[in-house]
Amino acid sequence: MSFIEKLLRRFNNANKKELERKFQEGYIAAKKELEAKKEAEAKKELEAKKEAEAKKELEAKKEAEAKKELEAKKTSEEQK
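Reference entry: report on the structure contained in this document. Every value quoted in this text rests on a predicted model; they were computed, and no experiment measured them.

1. Quick word on a nonpolar patch on the surface
A cluster of nonpolar side chains, namely F3, I4, L7 and L8, defines an oily patch on the protein surface of about 440 Å² accessible area. Of note, L7 is situated in helix 1 (residues 2–79). You can call L7 partly exposed: its relative accessible area is 48%.

Right under this line is the structure:
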């Protein structure tokens, strides 16, 4: 009986160690995946912010050009 008990204990210890190892591997993989997801979200936010700034700059340029054209029209009308 002693031999069988020792064998069962070794088997249980081996299973526990294997389960712990698999858990650690899974935890590490999940952590890496979460970090990658956060990094991807940060990149998306940065790109969206850049696009919004580019749109604002383009709109400001259009407005400035429209004002210049309007002023040019006014001055040409005044000169007539």
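2. What about the pattern of salt bridges?
Throughout the structure, instances matching the rule amount to three salt bridges. Residue R21 is joined to E25 by a salt bridge in which the shortest nitrogen-to-oxygen separation is 2.5 Å. A residue pair is termed a helical-turn pair when its members lie 3 or 4 positions apart in one helix, as R21 and E25 do in helix 1 at four residues. The class of R21 is partly exposed, set by a relative accessible area of 39%. In this structure E25 comes out as partly exposed when scored by relative accessible area, which is 43%. A salt bridge links K43 to E39; its shortest N-O distance comes to 3.9 Å.

Thresholds, definitions, all that
- Residues numbered from 1 in each chain as written.
- Predicted model: local features only at pLDDT ≥ 70, side-chain atom pairs only at ≥ 80, totals over all residues.
- Heavy atoms only, no water.
- Patch = residues over 30% accessible without salt bridge, like charges linked within 9 Å, V, L, I, M, F, W, Y side chains within 5 Å.
- Areas by Shrake-Rupley, 256 points an atom, 1.4 Å probe, with all protein chains shown as cover.
- Salt bridge = Lys/Arg side-chain N within 4 Å of Asp/Glu carboxyl O.
- Helix = DSSP H or I, 4+ residues; strand = E, 2+ residues; numbered from the N terminus.
- Buried < 20%, exposed > 50% of the residue type's maximum accessible area, 1.4 Å probe, protein only.

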